[in-house]
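Here are the chains, one letter per residue:
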Amino acid sequence: MTGTKPAAGGLLKRAATSDSALAVFGIVVVSLVATAFGEHFLSFSNFESVVKSQSIIAVMAMGELLVIIPGGIDISIGATFGLAGSAAALSLGAGHSPLTAALIALACGAAVGLANGFFVAKLNIVPFIVTLGMMGIVRGLIFILTDAQSIYIDNPPFLAVDRIVVAWIPLPIWIAAAACIFMHILLSRSVLGGRAYAVGGDEEAARMLGVKTGRVKMFCYVVSGLAAAAAGLMSAAKVEAAYPRAGEGYEFEAIAAVIVGGASITGGKGSAPAAALGALFIGILKNAIIQMDISQYWQQTVNGFAVILVIMLSALISGRRR
Amino acid sequence: MGGYFLEMKSMVKRFPGTLALDQVAFNIRPGETLGLIGENGAGKSTLVNILGGAFSDYEGEILVEGKPARILTPTDARALGIVGIRQELSLFPNLNVARNIFLGNEPRKACGLLLDHDAMAREAGRLLASFGLDISPETPLDRLTVAQKQMVEIVRALSYNAKLIIMDEPTSSLTEKEVDILAGIMADLKARGVAIILITHKLNEILRFCERVFIFRDGRNAGVLEKGEFSRDRFIEGMVGRDLGAAFRRTRREVGEVLLEVENLGDGFLKNISFKVGTGEILGLAGAVGAGRTEIMGALFGLGKISYGRIRLGGKEISPPHPSFAMRAGLALVPEERKAHGVIQGMSVRDNLLLSSLGNAARWGFVRGGAASGIVADAVSALNIRIADQHQAIGSLSGGNQQKAVLAKWLAVKPRVLLLDDPTRGIDVGTKREIYGIIDRLANEGYAIILSSSELAEVLLLSDRVLVLYEGSVKAELDADGLTEEQVLALSHA
């Protein structure tokens, strides 16, 4: 039948131009290379460990995505991540229950987000500058709070967050999946999420239509802070400690995941599942370097290069739109 | 007579240095399609911007449906049912049609937290269909044509019960067929009792669509005509007659040899532009906003990409142009947006003046302070720029003195052709006259000058010859001697 052919072509075209296309393409290419040159890349246990360790980045990326869609950026999430871990470790040390410790850590994340949102939305300061400053403030706070010491965690229920396996799948992966589904619903179904796209598309026009753009942005930064704190908790449970430098450089990975996931750094475009795939791509890339016996020192260089390459590809594909 | 949807009385709006609206009266009836015409800068935009809630510091009285109203923000305007459809549409290219229509006003479910996509698509589909528009609500906006986007914006206005829609040059980017569709929609709106203010420089459209027309001139009312009194001559008669305040006479001079030759120049917008300018000649560019005045300047200076045509300066081919190339060849552009392109606000007068001519004051790559001071002092005295000190921040000068500094900056590079785009915009009358004197003197000194202005009277006052532009092409080339505003307007307003 001739009728089906254009439909199939349309589907292919849609797949190629969808947000996830680049991340999927990148994952496939890196996997093929790593399988060809690495010894242990293609195994279930390796894949599971990649997904599990990247679930932490994926959770951060969900928050970052929500900030990037309305045209912002949050580079303080690495520091917030560290703050959450230290706050939880200190609370546990003071004898609080794991639940209380986690809530205190999340509250810290929300507070950082609220402060970011306040400076961006109410005082109209450029997001990059606000969160750059906040990155320094929060990192400094961690050193003050912990006296620059690592704090070891030996609270079994807290550490269980990383150990529990539900239906054959480790809990961190479930958490990342839940964060992704939540963000997907927020972005595609909720009023607030819809307005976040509008603010990213044309902030002035959105304001003219009665959208409270400041409130939208404020919400996005708070969620970003919460997501970073949650990721910090997951990581503290995994490494059984809170390090004062925990999370350094993670903002790069989260932003890279979002951008590889097809979001526009200038706002207005992006999707949660694609950002999760972006996080997976970054993880597979890191893993491939290890599996191929390339010096770990190359890791950041290769990461950075891969991000630029992916963005160049996306510019080529959607070339006609300037 | 009453029965007005909107009445405005004694409207006054001041901008620094100018009175944009001076005791203006305006009114419109429900369901009426009303034209608003006037030359550039006559006050049309200011009036509709007040209606749209762009200003909060105007004086005057506004009555909506007989009741006093205060419009201070866009939200106020919307609450009164007043919606503006601008030339740059305020739509979201990253969202679909339905989402665009209902943004800020979304149908919801689940205690108002979630969007009701089904209801949104259904309602949007119904609204679009009621205008006979064949647009799917799910289409991403960036797949639509400009005309379709405009329709979407009109439909959006109706989704929140607009009673007055302001259309600012709505047909400027539409094809003839699309204009017909728009006409159908306007008739539809009228049948629904929606009042329309149509701002256009195409007088044919006033004749075709409007029942009444308000004419503005120099920020004042210059007449109201009923349908029975409509004629192109009467429109133009109302629009002309701006008084530039003082008797300035341009010098009669002999035009020298041809310096700049433009042959068949075109890009996406400009079409087959050809003209010549000689030494000591001022060529004026006349035309409505968007006719191509600024675009020609930009094309000559290499700011955009030209697709065809040749530019020769002093017999030497300089096309395709590029700014640094154009400068070296002897072209200087004084741009329209002084704040954006002409001066660097944070820097001193001295540094601004030296920006383009630092090379002349330098030896082995180092600026010699003495030589630099000399260049700056010469420029300041030649153009009578009033400053206390070379190191004064340029932002602290008046608009007129800043403009003189921009001119001085370019004269310091010793160009041969000056491109002046709206050189007296936003400048007080006294300084305007001073700048006219400078421009005239520069022509006498042998510069070839291309002058564009949003004020037609200014072009006629200064130019030796006038090029009338209409939608990107040259409509006529006229000798400025004895040329009247009526003659030019009849050509520039089709």
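1. A short note on the sheet that holds strand β24 (residues 473–479) of chain B
Residue and element names in this part refer to chain B.
Phase 1 of the analysis: The six strands are arranged β18-β21-β22-β15-β23-β24 in an open sheet whose pairing can be described as mixed. Taken across any chain shown, the strands that pair with only one partner, and hence form the sheet edges, are β18 (331–334) and β24. The average angle at which neighbouring strand axes cross in this sheet is 20°, direction not considered.
Phase 2 of the analysis: For strand β15 (residues 282–286) and strand β22 (residues 448–452), the ladder comprises four bridges, and the chain directions are parallel. Of the residues in β22, the one forming a bridge with L283 is I450.

2. Details of the nonpolar core
Phase 1 of the analysis: Residues A:L65, A:M183, B:I101, B:I165 and B:L189 are the most contacted members of the largest nonpolar core, which totals 116 residues.
Phase 2 of the analysis: Here the element with the most residues in this core is helix α3 (residues 44–68) of chain A; it accounts for 11 residues.
Phase 3 of the analysis: Non-local contacts of B:I101, meaning those with residues more than four positions away in its chain, are made with B:A124, B:L127, B:L128, B:V152, B:V155, B:R156 and B:S159.

3. Things to note about the interface of chain A and chain B
Phase 1 of the analysis: Contact residues are listed per partner, giving 18 residues for chain A and 22 residues for chain B.
Phase 2 of the analysis: Taking both sides of the interface into account, the surface hidden between chain A and chain B amounts to around 1,700 Å²; carbon and sulfur atoms contribute 59%.
Phase 3 of the analysis: Where chain A meets chain B, there are one salt bridge.
Phase 4 of the analysis: Between A:R195 and B:E106 there is a salt bridge whose closest N-O contact spans 2.6 Å.
Phase 5 of the analysis: Applying the counting rule to chain A against chain B returns seven residue pairs in polar contact (both at pLDDT 80 or more).
Phase 6 of the analysis: Tallying contributions element by element places helix α9 (residues 191–201) of chain A first for the side of chain A that touches chain B, with six residues.
Phase 7 of the analysis: Here the side of chain A that touches chain B is built from residues that sort into eight nonpolar, six polar and four charged.

4. A short note on empty space enclosed by the protein
Vacant regions in the atomic arrangement are exposed by a probe of water-molecule size rolled over the atoms.
All names here are of chain B.
Phase 1 of the analysis: Counting across every chain of the model gives one cavity of 30 Å³ or more.
Phase 2 of the analysis: Of the volumes computed, that of the largest cavity is approximately 90 Å³.
Phase 3 of the analysis: Forming the walls of the largest cavity are 13 residues, and the residues nearest its centre are E39, N40, G287, L456 and L489.
Phase 4 of the analysis: No other element matches the three residues that helix α17 (residues 485–492) contributes to the lining of the largest cavity.
Phase 5 of the analysis: A per-class count over the lining of the largest cavity returns five nonpolar, six polar and two charged.

5. Some thoughts on the packing of aromatic side chains
How two aromatic rings sit relative to each other is set out by the distance from centre to centre and by the angle between their planes.
All names here are of chain B.
Phase 1 of the analysis: Applying the stated criterion across every chain, the model contains four aromatic pairs over all chains.
Phase 2 of the analysis: When the centroid spacing of 5.3 Å and the interplanar angle of 70° are considered together, the rings of F230 and F235 count as edge-to-face. Exposure class is identical for F230 and F235. Each is buried.
Phase 3 of the analysis: Above the plane of the ring of F55 lies K13, whose end atom (NZ or CZ) is 4.7 Å from the centre.
Phase 4 of the analysis: Just above the ring of Y58 sits the side chain of R70; from NZ or CZ to the centre is 4.9 Å.

6. Considerations on helix α8 (residues 171–189) of chain A
Residues and elements named next belong to chain A.
Phase 1 of the analysis: Over its 19 residues, α8 runs 26 Å from end to end, which matches the ideal 27 Å to within 8%, given 1.5 Å per residue.
Phase 2 of the analysis: Buried residues of α8: P172, I173, A176, A179, C180, M183, L186 and L187, and no others. Down the axis of α8, the sector holding all buried residues measures 155°, keeping them to one side.
Phase 3 of the analysis: The inward-facing, buried residues of α8 contact α3, α7 (156–163), β3 (169–170), α9, α11 (213–239) and α13 (272–291).

7. Brief notes about the pairing of strand β14 (residues 273–278) of chain B
All names here are of chain B.
Phase 1 of the analysis: Where strand β13 (residues 258–266) and β14 come together, five bridges link them in antiparallel fashion. Bridge pairing links L260 to V277 in β14.
Phase 2 of the analysis: Linkage of β13 to β14, two consecutive antiparallel strands, is achieved through a turn of six residues, within which N272 is found at a positive phi near 45°.

8. Examining the environment of A:I290
Phase 1 of the analysis: Within the secondary structure, A:I290 is located in helix α13.
Phase 2 of the analysis: Taking relative accessible area as the criterion, A:I290 reaches 41% and is therefore assigned partly exposed.

9. Quick word on the confidence of the model for chain B
Residue and element names in this part refer to chain B.
Phase 1 of the analysis: In the predicted model, chain B carries a mean pLDDT of 83, and the fraction of residues at 70 or more is 93%.
Phase 2 of the analysis: Mean pLDDT values over the elements of chain B span from 58, in helix α11 (residues 338–342), up to 93, in strand β10 (residues 195–199).
Phase 3 of the analysis: In the predicted assembly, ipTM is 0.77 and pTM is 0.73.

10. Here's the deal with unusual backbone geometry
All names here are of chain B.
Phase 1 of the analysis: Unlike most non-glycine residues, E65 shows phi in positive territory, near 50°.
Phase 2 of the analysis: Note on placement: E65 falls in the loop between β4 (59–64) and β5 (67–69).
Phase 3 of the analysis: One non-glycine residue, D218, lies in the positive phi region at around 55°.
Phase 4 of the analysis: With respect to the helices and strands, the residue D218 is situated in the loop between β11 (212–217) and β12 (220–226).
Phase 5 of the analysis: Residue D218 is classed as partly exposed on the basis of its relative accessible area, which comes to 23%.

11. Some words on the pattern of salt bridges
All names here are of chain A.
Phase 1 of the analysis: Summed over all chains, the structure comprises 26 salt bridges over all chains.
Phase 2 of the analysis: Here R207 and E204 are joined by a salt bridge, their closest N and O atoms 3.6 Å apart. A residue pair is termed a helical-turn pair when its members lie 3 or 4 positions apart in one helix, as R207 and E204 do in helix α10 (residues 203–208) at three residues.
Phase 3 of the analysis: Its relative accessible area of 38% is what places R207 among the partly exposed residues.
Phase 4 of the analysis: What makes E204 partly exposed here is its relative accessible area of 46%.
Phase 5 of the analysis: Put simply, E203, E204, R207 and K217 are held in one network by salt bridges that share partners.

12. Overview of the sheet that holds β4(B)
Residue and element names in this part refer to chain B.
Phase 1 of the analysis: Reading across the sheet, the four strands line up as β2-β1-β4-β5 and stay open at both edges, with antiparallel pairing between neighbours. At either margin of the open sheet sits one strand with a lone partner, and together these are β2 (18–28) and β5. Across the sheet, the mean angle from the axis of one strand to that of its neighbour is 30°, orientation sign disregarded.
Phase 2 of the analysis: Direction of pairing for β4 relative to β5: antiparallel, over a ladder of three bridges. Across the sheet, residue L63 finds its bridge partner in β5, namely P68.
Phase 3 of the analysis: Along the sheet face, helix α1 (residues 44–51) touches β1 (6–15), β2 and β4 and points at about 115° away from the line of β1.

13. Some points on the pairing of β15(B)
Each regular strand displays side chains that alternate between the two surfaces of the sheet.
Phase 1 of the analysis: The element β15(B) is largely enclosed, with a buried count of five among its five residues.
Phase 2 of the analysis: In β15(B), alternate side chains face the same way, and those of B:I282, B:G284 and B:A286 on one face and B:L283 and B:L285 on the other are all buried.

14. Overview of the packing of helix α4 (residues 77–93) of chain A against helix α5 (residues 98–122) of chain A
Any two packed helices are characterised by how steeply their axes cross, that is the angle between the axes, and by the distance between the axes.
Residue and element names in this part refer to chain A.
Phase 1 of the analysis: The interhelical angle for the contact between α4 and α5, taken along N-to-C directions, is 150°, at an axis separation of 8 Å. When the axis of α4 is compared with that of α5, the two are roughly antiparallel. Two packed elements cross with a definite hand, and for α4 against α5 that hand is right-handed. Two secondary-structure elements touch here, α4 through T80, L83, A84, A87, A88, S91 and L92 and α5 through P98, A101, I104, A105, C108, G109 and V112.
Phase 2 of the analysis: Taken together, the residues that form the contact of α4 with α5 break down as 11 nonpolar, three polar and no charged.

15. Brief notes about the side chain of B:E178
Phase 1 of the analysis: Within the element layout of this structure, B:E178 appears in helix α6 (residues 176–191).
Phase 2 of the analysis: B:E178 has contacts with B:T145, B:A147, B:M151 and B:S173, leaving out every residue within four places of it along the chain.

16. Concerning the confidence of the model for chain A
Phase 1 of the analysis: Summing up the model confidence of chain A, the mean pLDDT is 87 and the portion of residues at 70 or higher is 93%.
Phase 2 of the analysis: Here residues 1–8 of chain A is a poorly scored stretch, pLDDT under 50, and it has zero contacts once near neighbours within four places are set aside; other chains count.

Cut-offs used in this document
Residues numbered from 1 in each chain as written. Chains lettered and ligands numbered in written order. Predicted model: local features only at pLDDT ≥ 70, side-chain atom pairs only at ≥ 80, totals over all residues. Heavy atoms only, no water. Pairing = 2+ DSSP bridges. Helix = DSSP H or I, 4+ residues; strand = E, 2+ residues; numbered from the N terminus. Axes fitted to C-alpha atoms, helices over the stretch in contact; angles between N-to-C directions. Core = buried A, V, L, I, M, F, W, Y, C linked by side-chain atoms within 4.5 Å. Buried < 20%, exposed > 50% of the residue type's maximum accessible area, 1.4 Å probe, protein only. Contact = heavy atoms within 4.5 Å. Buried area = accessible area lost by both parts, 1.4 Å probe. Salt bridge = Lys/Arg side-chain N within 4 Å of Asp/Glu carboxyl O. Polar contact = N/O pair within 3.5 Å; in protein donor to acceptor, adjacent residues only side chain to side chain. Nonpolar A, V, L, I, M, F, W, Y, C, P; charged D, E, K, R; others polar. 1 Å grid on protein atoms, 1.4 Å probe; cavity = no way out; pocket = protein on both sides within 12 Å on 5 of 7 lines; lining within 4 Å. Points joined across faces, edges and corners; volume = space filled by probe spheres on them. Phe/Tyr/Trp six-rings, centres within 6.5 Å; stacked < 30°, edge-to-face > 60°. Lys NZ or Arg CZ within 6 Å of the ring centre and 35° of its normal. Expected span 1.5 Å × (residues − 1). Arc of directions from axis to C-beta. pLDDT = per-residue confidence, 0-100. Parallel < 35°, antiparallel > 145°, perpendicular 65-115°, else oblique. Left-handed = near helix turned anticlockwise from the far one by under 90°.

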